[in-house]
Amino acid sequence: MVPKSTTLCYNSIMISEIKDFNLEELKKELARRGIPEFRASQVFHWLYKQQVASFWEMNNLPRDMIKLLEENYSLSAVTTAQEFISKDDSRKYLLKLKDGNQIETVLIPNPDRQTVCLSTQVGCKFCCRMCASGLKKFVRNLTAAEILEQLLYAQKKAGSRITNIVFMGMGEPLENFDQVIKAIRVINSSEGPEIAARKITISTAGFIPGIKKIAEIELQLNLSVSLHATTDELRNELMPINKTYPIRDLVAACQNYFQKTKRIVTIEYVLLKGKNDAVDDARRLAGIVKALKGKVNLIPFNPYTELKLEPTAREDMERFKYWLERDQVPVTIRDSRGSDIMAACGQLLGKAGQ
Ligand code: SF4
């Protein structure tokens, strides 16, 4: 069946995004047109292993099949609007979708790995106070094709294989569960980009229905939860999602995720000067993290003028880390990349300018 959300009509011809089909769906779709199933595997190979830009490059397909593909399917759901290069070599791509909306994707190169940070929605519903993406009104969920194309785009730009994926760009990935998981299954498959689930991290603001759902699927994904506060009072203020899904319920959902998947949950904690960086915050955080057998990632706050918060000084971050270590909590301080091009954590806005 053609996924309706991504079928566009040009001059009365229905054009579908070919990357919206997983392999099984593509086999059925082609069979519907009288094309044998094995051709779907060939198309998948060209899409994800060779990353061709045109159906005509699929040179082991019959010409009439290529013509049919070209007339009925689209190969590119995104185009480049702008590219920014950080002095630390990370790159931010502002990408344009077919409906004119824009999203951002970040490539973070390292000597031993290439990480890409993907967006999952245009805008976001959750309005977390430390995140610029929350300032952009929610418009819509991204489709699987739009998610996959961010990865392929970054891979082409990197010139080498992407090894790690983090769903930490614009939007709440677990609120777009079906399309995100559909894209991940393609990414994970041997016919697709073939990136192991253990190299893929889903970051959530604490959307409990989604955490419960990924605990039930067999994928061994890393789960990262943005906590940022250790009392409901402060978390309600910083992350309004907490009013619906308070800390106690969130901890229970994370414990369940760990029990079901045996994957250690990472608690993300942005340090904000005078807000959440006192010794009592560290003590409560240690209690929460130990209860779910997790680990902590401390994140420097990346200021953005419209967000009226201040970062904790580096030496105070180190002291906060020490307080957690003293309580036997595994903790790291995240290396923040790309802040000079507004590509760092919480800075993605989906619009031009730095
Ligand atoms: S942190 Fe995530 S959920 Fe919160 S506003 Fe930003 S993109 Fe949305």
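The text that follows walks through the structure, step by step, so that each part is easy to find.

### As for the nonpolar core
- The biggest cluster of nonpolar side chains holds 79 residues, and the ones touching the most others in it are I165, C254, Y269 and V296.
- With seven residues, helix α4 (residues 144-158) is the largest single contributor of residues to this core.

### Considerations on the pairing of strand β5 (residues 91-97)
- Burial analysis of β5 places five of its seven residues in the buried class, which makes it a mostly covered element.
- As judged from the seven bridges shared by strand β4 (residues 78-85) and β5, these two strands associate in the antiparallel manner. From the neighbouring strand, E83 faces β5, where its bridge partner is Y93.
- Connecting β4 to the antiparallel partner β5 that follows it, the hairpin turn spans five residues, and D89 within it adopts a positive phi of roughly 80°.
- Here β5 pairs with strand β6 (residues 102-109) via six bridges, running antiparallel.

### Here's the deal with the environment of R248
- Secondary-structure assignment places R248 in helix α8 (residues 247-261).
- R248 sits 185 residues away from R63 along the chain, and the two C-alpha atoms are 60 Å apart.

### Topic: the packing of helix α9 (residues 279-291) against helix α10 (residues 314-326)
- Two elements in contact, α9 and α10, have axes separated by 9 Å at closest approach and are oriented at 40°. Our classification of the angle between α9 and α10 gives oblique. Viewed along their axes, α9 and α10 form a crossing whose handedness is right-handed. Here α9 contributes V279, A282, L285 and A286 to the contact with α10, which in turn contributes F320, W323 and L324.

### Some words on the packing of helix α1 (residues 23-32) against helix α2 (residues 38-49)
- It is at 8 Å that the axes of α1 and α2 come closest, and there the two elements cross at 125°. The orientation of α1 with respect to α2, classified from their angle, is oblique. Here α1 runs over α2; the crossing is right-handed. Residues L23, L26, K27 and L30 of α1 form the contact with α2, whose participating residues are R39, A40, S41, V43 and F44.

### As for the environment of K273
- Along the chain, K273 turns up in the loop between β13 (266-271) and α9.
- The exposure class of K273 is partly exposed, given the 13 C-beta atoms found within 10 Å.

Conventions and cut-offs
- Residues numbered from 1 in each chain as written.
- Predicted model: local features only at pLDDT ≥ 70, side-chain atom pairs only at ≥ 80, totals over all residues.
- Core = buried A, V, L, I, M, F, W, Y, C linked by C-beta atoms within 7 Å.
- Buried ≥ 20, exposed ≤ 12 C-beta atoms within 10 Å, placed from the backbone.
- Helix = DSSP H or I, 4+ residues; strand = E, 2+ residues; numbered from the N terminus.
- Pairing = 2+ DSSP bridges.
- Axes fitted to C-alpha atoms, helices over the stretch in contact; angles between N-to-C directions.
- Parallel < 35°, antiparallel > 145°, perpendicular 65-115°, else oblique.
- Left-handed = near helix turned anticlockwise from the far one by under 90°.
- Contact = placed C-beta atoms within 7 Å.

Just geometry here; none of it tells us what the structure is for.
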